[in-house]
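Letter by letter, the chains look like this.
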Amino acid sequence: MLNRPDVAVVGAGPVGLAIAWRCAQRGLRVVVHDPAPGSGASHVAAGMLAPVAEAYFGEHELTGLLTASAARWPAFAAELTAATGLDVGYRSEGTLMVGLTADDLAEARRLWAYQQGIGLPVTPLRPSALRDREPALAPRVRGGALAATDHQVDPRRLVPALRVAAERAGATLVPVAVRSLSDVDAHVTVVAAGCGAAALTGLPVRPVKGQVVRLRAPGGGAPGFRHVIRGYADGEHVYLVPRDDGEVVVGATVEERSDTDVSAGAVLRLLRAAVDLLPELAEYDLVETLAGLRPGTPDNAPILGPLAGRPGVLAATGHHRHGIVLTPVTADLIAELVVTGATDPLLAPFTPARFATPPTVGPATDPATPAGPATSAVPAAVARLGHDPSAPEKEHTWN
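Here we summarise the structure given alongside this text. Values in this document were obtained by computation on a predicted structure and should not be read as measured data. (Residues numbered from 1 in each chain as written. Predicted model: local features only at pLDDT ≥ 70, side-chain atom pairs only at ≥ 80, totals over all residues. Heavy atoms only, no water.)

## Some points on the packing of helix 1 (residues 14-25) against helix 3 (residues 60-84)
Running from amino to carboxyl end, helix 1 crosses helix 3 at an angle of 70°, the nearest separation of the two axes being 13 Å. With respect to helix 3, the element helix 1 is oriented roughly perpendicular. Two secondary-structure elements touch here, helix 1 through Ala18, Trp21, Arg22 and Gln25 and helix 3 through Phe76, Glu79, Leu80 and Ala83. (Axes fitted to C-alpha atoms, helices over the stretch in contact; angles between N-to-C directions. Helix = DSSP H or I, 4+ residues; strand = E, 2+ residues; numbered from the N terminus. Parallel < 35°, antiparallel > 145°, perpendicular 65-115°, else oblique. Contact = heavy atoms within 4.5 Å.)

See below:
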């Protein structure tokens, strides 16, 4: 077909829209399929850009990807604002990690020692130094640390800005849900559908429920603290994210559930921990409680790259709690893969192949014919910004 798009992106969250923007900037014809852009996990997300605070034991490769993406955020945010004129709420005050009790501080210090041991910038602070930075912290707080490179952005501003940027670059939004990839007609299809990627691709992406609370400073002013606060309060882990407009996001639960109901118990635990760390929050207005579904994977890392046996289909999903911070690097790497056909070394640990099972020998899998490299899933014609006349008009069906 003459008007067949070069790239179809399924999903218009931050990751999908950023991929569409980057591909359109490279001269590709791009369509984005989503009936409700920005209505998924990003609508609930707090927007922390936290490669240090989110560095956990045994996730070395993921930490490397988080760090690489966070380093791109200042330029990414500036470019996005320049392209659209829209403020995305990027703030760089840093993150304070705190422990309320002696037990909380001991648990936190164990993680900080690990983070320092792998070279991440964690600066321990005594209680007096913490309160010099944030006088509103409770006097009971026993100690903490500064992650100066952990910043924040507002996802509810980010998504509209990415949509404007993608459309100005030439991408087209199709407000229709994709039920099967056989319904998508493009040279390359990028599945960036969050939890919906499981049904479309068979990948092991599961919903991980998170409940959050949104507060607002009284009188319409800014919150009484500037840093993102991530703390342990009597064993409860909580984060507090201040916005310039007076909003404070308090979160979040981590539940292996697929519903989006808000429970009184979760709200109680979050608010109790939040007020224990910052007592003034008890006087803030309660403006919203909601739950969302993070796209989790068996190893908590995203799934990025070609699907084996699915020519022209790429995955960009499974970002779990890291979707916002990983938006720039995911968009850059997937767009580069589409345009050049080459897999960046950063992608190697995160390809769908890590979840593949050995194929059954049969008519569709001849062991005498070795499978080509993963990058063969990207049509060479698209890498040349052209079209392959031998390519089928429909991609293979995956039901």
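Now that the structure has been shown, we can carry on.
## Overview of the side chain of Thr95
With respect to the element layout, Thr95 can be found in strand 4 (residues 95-99). Its relative accessible area of 1% is what places Thr95 among the buried residues. In contact with Thr95, other than residues within four places in its own chain, are Ala145, Leu146, Ala147, Asp150, Val228 and Arg230. (Buried < 20%, exposed > 50% of the residue type's maximum accessible area, 1.4 Å probe, protein only.)

## Focus on the packing of aromatic side chains
Under the definition given, this model contains four aromatic pairs. Here the aromatic rings of Phe57 and Tyr114 are separated by 4.7 Å at their centres, their planes lie at 45°, and the arrangement is tilted. Remark: Tyr114 occurs in helix 4 (residues 102-117) and Phe57 occurs in the loop between strand 3 (48-49) and helix 3; sequence separation between them is 57 residues. Relative to Tyr90, the ring of Trp73 lies with its centre 6.4 Å away and its plane at 10°, an arrangement referred to as stacked. Pair noted here: Trp73 is in helix 3 and Tyr90 is in the loop between helix 3 and strand 4, with a separation of 17 residues, a long-range link. Of the aromatic side chains, those joined through ring pairs into one cluster are Trp21, Trp73, Phe76 and Tyr90. Between the NZ or CZ atom of Arg22 and the centre of the ring of Trp21, over which it lies, the distance is 4.6 Å. (Phe/Tyr/Trp six-rings, centres within 6.5 Å; stacked < 30°, edge-to-face > 60°. Lys NZ or Arg CZ within 6 Å of the ring centre and 35° of its normal.)

## As for the pairing of strand 16 (residues 313-317)
The buried count for strand 16 comes to five of five residues, which makes it a mostly enclosed element. Here strand 16 shows a buried face lined by Val313, Ala315 and Thr317 and a second buried face lined by Leu314 and Ala316. Bridge analysis of strand 9 (residues 188-191) against strand 16 gives three bridges, and the strand direction is parallel. Bridge pairing links Val191 to Ala315 in strand 16. As defined by bridge partners, strand 15 (residues 303-306) adjoins strand 16 across four bridges and the pair is classed as antiparallel. Looking at strand 16, one finds that Pro306 is bridged to Leu314. The antiparallel hairpin formed by strand 15 and strand 16 contains six residues in its connecting segment, where Gly309 sits at a positive phi of about 75°. (Pairing = 2+ DSSP bridges.)

## Looking at the pairing of strand 4
In terms of burial, strand 4 is largely enclosed, as five of its five residues are buried. Judged by which residues are buried, strand 4 turns out to be covered on both faces: Thr95, Met97 and Gly99 on one side and Leu96 and Val98 on the other are all buried. Pairing between strand 4 and strand 11 (residues 228-233): five bridges, direction parallel. Residue pairing for strand 11: Val98 is matched across the bridge by Gly231.

## Looking at the sheet that holds strand 4
Pairing within the open sheet is mixed, and its eight strands lie in the order 5-6-4-11-12-13-10-14. In this open sheet, the two strands that pair with only one neighbour each are strand 5 (123-125) and strand 14 (285-296). On average, each strand axis in the sheet is inclined to that of its neighbour by 20°, with strand direction left out of account. Note: strand 11 against strand 12 (residues 236-242), five bridges, orientation antiparallel. Its bridge partner being in strand 12, Arg230 is matched across the sheet by Tyr239.

## A short note on the environment of Val249
Note that Val249 resides in strand 13 (residues 247-251). Judged by its relative accessible area of 0%, Val249 is buried. Spatially, the C-alpha atoms of Val249 and Arg214 are 4.7 Å apart, while their sequence positions differ by 35 residues. Apart from residues no more than four positions distant in its own chain, Val249 is found in contact with Ala46, Val213, Arg214, Tyr239, Leu240, Val241 and Arg243.

## Regarding the sheet that holds strand 8 (residues 172-174)
With mixed pairing, the six strands of this open sheet are ordered in space as 8-2-1-9-16-15. Every other strand in the sheet has two partners, leaving strand 8 and strand 15 as the edge strands with one partner each. Strand-to-strand twist across the sheet, computed as the mean angle between neighbouring axes with direction ignored, equals 20°. Bridge count for strand 1 (residues 7-10) against strand 2 (residues 30-33) is four bridges, and the pairing is parallel. Counted as the bridge partner of Val10 is His33 from strand 2.

## Section: helix 8 (residues 264-277)
Here helix 8 spans 20 Å end to end across 14 residues, near enough to the 20 Å set by a 1.5 Å rise per residue. Those residues of helix 8 that sit buried are Ala266, Val267, Leu270, Ala273, Ala274 and Leu277. Seen from one end, helix 8 has its buried residues packed into an arc of 140°, which puts them on one side. Residues of helix 8 that are buried in the fold lie against strand 4, strand 10 (206-216), strand 11, strand 12, strand 13 and strand 14. (Expected span 1.5 Å × (residues − 1). Arc of directions from axis to C-beta.)

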